[in-house]
Amino acid sequence: MTPQKLITEVETRGQAMQIASALQDLLEPPPDALTVFEGKAGANGPTGWRIEAYFSDRREPRELEAELSDLLGLPSPAFHVDEIPDLNWVALSQASLPPVQAHKFTVHGGHDRDRVPQGPHAILIEAGEAFGTAHHATTYGCLMGIARLSERRRPFRRILDLGCGSGILAIAAARSWPHATIHGVDIDAQSVVVARENAAVNRVGSRIDFVCGPGVSSPSIRAAAPFDFIIANILAGPLITLSPDIRRAAAPGAVLMLSGILNREAARVIAAYLAQGFALLHHRRYEGWSTLMLAKRG
């Protein structure tokens, strides 16, 4: 079946990233593919930002707008349907994603390999079957946090990527702490397959143990605990629910980085982790989303 393409346009990059993140991270089910790009320059400057969402199952634009308004607590821009030819639309959407610079990291697809300087901070991630390409503010915020932590030269030895998705954050951690043992876990089996493939392509596959399972309660994750650095880029509700389990998996003094949190949800997440004995170090906001850095007391 030829997929449906829904299109909207907004004025600023911030608006575009907020809508795109909500489509990818909060909508159930999310689009099968998503593109965001700046409009062409005209006499009065760029014409704004365009978002294209591809769905295998047809969606009514008005219903999609209502869902986005409920998720974000803000009015949604208007969407309209654009008919598309029967082509390899996933590949086409991937090719339109530009590289992302997040502090020292450059995340790019294979189509930009020849245009991106290769080195320890270049990470190759293809958009597709698992979340995490750094085009979303949640992943971007985590990459920024990893880069800043690595500059402080704290010698993390055991690192957990909880909800690893594409494996991008575990890969960034492997590049930043070459002597660390790194574990990644995701409840989605296909994400684990993709994460392993991405780690191998980025030449850190032998250093990261990816498993499919129910988070920190997975047997291999329990056996590897405690961790001195835990990354959890999921959503506010699960983060709150998992806070006691994450506390048990964290070593005394461990650093915890949480993302996937809308700004309006951050206070509840912070409160849950303060109650578990964590102290808030940083609260950074990117395009309507929050990335939290905390430390376990003691």
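First, a word on what this report is: a plain description of the structure on this page.

Conventions used here
Residues numbered from 1 in each chain as written. Predicted model: local features only at pLDDT ≥ 70, side-chain atom pairs only at ≥ 80, totals over all residues. Heavy atoms only, no water. Buried < 20%, exposed > 50% of the residue type's maximum accessible area, 1.4 Å probe, protein only. Helix = DSSP H or I, 4+ residues; strand = E, 2+ residues; numbered from the N terminus. Pairing = 2+ DSSP bridges. Phe/Tyr/Trp six-rings, centres within 6.5 Å; stacked < 30°, edge-to-face > 60°. Lys NZ or Arg CZ within 6 Å of the ring centre and 35° of its normal. Axes fitted to C-alpha atoms, helices over the stretch in contact; angles between N-to-C directions. Contact = heavy atoms within 4.5 Å. Core = buried A, V, L, I, M, F, W, Y, C linked by side-chain atoms within 4.5 Å. Parallel < 35°, antiparallel > 145°, perpendicular 65-115°, else oblique. Nonpolar A, V, L, I, M, F, W, Y, C, P; charged D, E, K, R; others polar.

1. Observations regarding the pairing of strand 5 (residues 49-55)
Most of strand 5 sits out of view: 6 of its 7 residues are buried. Where strand 1 (residues 4-10) and strand 5 come together, 7 bridges link them in antiparallel fashion. Looking at the pairing, Val10 lines up with Trp49 of strand 5.

2. Looking at the packing of aromatic side chains
Taken as a whole, this structure holds 5 aromatic pairs when the rule is applied. Here Tyr140 and Tyr286 contribute two aromatic rings whose centre-to-centre distance is 5.4 Å and whose plane-to-plane angle is 80°, an arrangement assigned as edge-to-face. Pair noted here: Tyr140 is in helix 4 (residues 137-151) and Tyr286 is in strand 15 (residues 278-286), with a separation of 146 residues, a long-range link. By relative accessible area, Tyr140 is classed as partly exposed at 22%. The class of Tyr286 is buried, set by a relative accessible area of 13%. Ring geometry for Phe156 against Phe229: centres 4.8 Å apart, planes inclined by 20°, an arrangement best described as stacked. Of the two residues, Phe156 sits in the loop between helix 4 and strand 10 (158-162) while Phe229 sits in strand 13 (residues 227-233), which places them 73 residues apart along the sequence. One aromatic cluster is present, built from ring pairs that chain together Phe156, Trp177 and Phe229. We note Arg59 situated over the ring of Phe55; from NZ or CZ to the ring centre the distance is 5.5 Å.

3. A look at the sheet that holds strand 8 (residues 105-108)
Strand order in the open sheet formed by 3 strands is 7-8-9, and the pairing between neighbours is mixed. Bordering the open sheet on either side are strand 7 (100-102) and strand 9 (122-124), each of which pairs with just one other strand. Between one strand axis and the next, the sheet turns through 25° on average, direction left out of account. As defined by bridge partners, strand 8 adjoins strand 9 across 3 bridges and the pair is classed as parallel. Looking at the pairing, Thr106 lines up with Ala122 of strand 9. Set on the sheet, helix 4 makes contact with strand 7 and strand 8; between it and strand 7 the angle comes to about 40°. Against the sheet, helix 5 (residues 168-176) makes contact with strand 8 and strand 9, and its axis sits at roughly 150° relative to strand 9, the strand it touches most.

4. Focus on the nonpolar core
Ranked by internal contacts, the top residues of the largest apolar core, which has 59 residues, are Leu23, Ile146, Ile159, Trp177, Ile208 and Phe229. If we skip the residues at most four places from it in the chain, Ile146 touches Phe105, Leu169, Ala172, Ala173, Ser176, Trp177, Phe229, Ile231 and Met257. The next biggest cluster of nonpolar side chains, apart from the first, holds 27 residues, and it includes Leu162, Val211, Leu258 and Ala266.

5. Some words on the packing of helix 8 (residues 236-249) against helix 9 (residues 266-274)
As a packed pair, helix 8 and helix 9 sit with axes 9 Å apart at the nearest point and diverge in direction by 5°. In terms of axis orientation, helix 8 runs roughly parallel to helix 9. For the pair formed by helix 8 and helix 9, the contact residues are Ala236, Leu239, Ile240, Leu242, Ser243 and Ile246 on the first element and Arg268, Val269, Ala272 and Tyr273 on the second. Of the residues contributing to the contact of helix 8 with helix 9, the split by class is 8 nonpolar, 1 polar and 1 charged.

6. With respect to the packing of helix 1 (residues 13-25) against helix 2 (residues 61-72)
One way to put it is that helix 1 packs onto helix 2 with a least axis distance of 10 Å and a crossing angle of 100°. One element, helix 1, and the other, helix 2, form an angle in the roughly perpendicular class. Listed contacts from helix 2 to Gln18, Ile19, Ala22 and Leu23 of helix 1 are Leu64, Leu68 and Leu72. For the contact of helix 1 with helix 2, a count of residues per class yields 6 nonpolar, 1 polar and no charged.

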